[in-house]
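# Chains, contacts and geometry: an overview
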Amino acid sequence: MRVRFVRTGERRYEVRVERDLATDLVMSPAPGWSDLAPHDLVHLVVEHRFGLRDGIFGQIAAGGNAGTFVPTQETRTKAWARRVERRNQSRGTQIARSEQLAAAVYPAWLRHRGMTPDLHHDPTGGAATDLGARQLGEVFTDLDRLSAQWSGLAVGESVDVDWPWPERR
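The structure displayed is predicted, hence computed values, not measured ones.

We now examine the pairing of strand β1 (residues 2-9). Of the pairings in the sheet, the one linking β1 to strand β2 (residues 12-18) comprises 7 bridges and is antiparallel in character. Bridge pairing links G9 to R12 in β2. Hairpin connection, β1 to β2: the antiparallel pair is bridged by 2 residues, and R11 has positive phi, about 60°. Of the strand pairs in this sheet, β1 and strand β5 (residues 158-162) are connected by 5 bridges, and their pairing is antiparallel. Bridging across to β5, R2 finds its partner in D162.

Right, let's talk about the packing of helix α1 (residues 39-49) against helix α4 (residues 95-112) for a bit. Between α1 and α4, whose axes approach to 9 Å, the crossing angle comes to 110°. Judged by the inter-axis angle, α1 sits roughly perpendicular to α4. Facing H39, V42, H43, V46 and E47 of α1, the residues of α4 in contact are S98, E99, L101, A102, V105 and Y106. Looking at side-chain class alone, the contact of α1 with α4 contains 6 nonpolar, 3 polar and 2 charged residues.

About the thresholds
Residues numbered from 1 in each chain as written. Predicted model: local features only at pLDDT ≥ 70, side-chain atom pairs only at ≥ 80, totals over all residues. Heavy atoms only, no water. Pairing = 2+ DSSP bridges. Helix = DSSP H or I, 4+ residues; strand = E, 2+ residues; numbered from the N terminus. Axes fitted to C-alpha atoms, helices over the stretch in contact; angles between N-to-C directions. Parallel < 35°, antiparallel > 145°, perpendicular 65-115°, else oblique. Contact = heavy atoms within 4.5 Å. Nonpolar A, V, L, I, M, F, W, Y, C, P; charged D, E, K, R; others polar.

Laid out in structure tokens, this is it:
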């Protein structure tokens, strides 16, 4: 599964998902714009680095839509919605953990880069988490690399990231 983060306008982006075992998806516009790394890109990185195979993108890799993506190749019918909802209900057991990790990692990464997160991104003011230094180092390395790609995009350009595990049915 390939996930494409497309800059679609000034402070706007979308997420496109190309799958082999289910129809392709898009979320446009996507929430959580950042000049450095959009919110959903942070989710993809933390799910990969913390082994969350059943988070947001894991649910999508299992044929779901995370409740926010729509098909690009077929009509969004009631039958499609029922099929996807069944997959959403049986997958995505780690979505809450993905949200928790993204909320903790992003402000920690900003501080690592010498920046001060605003209250929107760090309402707890840098509260301690259960994240280890080695794990954070791997996440920071990934975010630094992807941020360098993302920050240089013009409107219409994209960053592609492959989901590290096989799609499931």
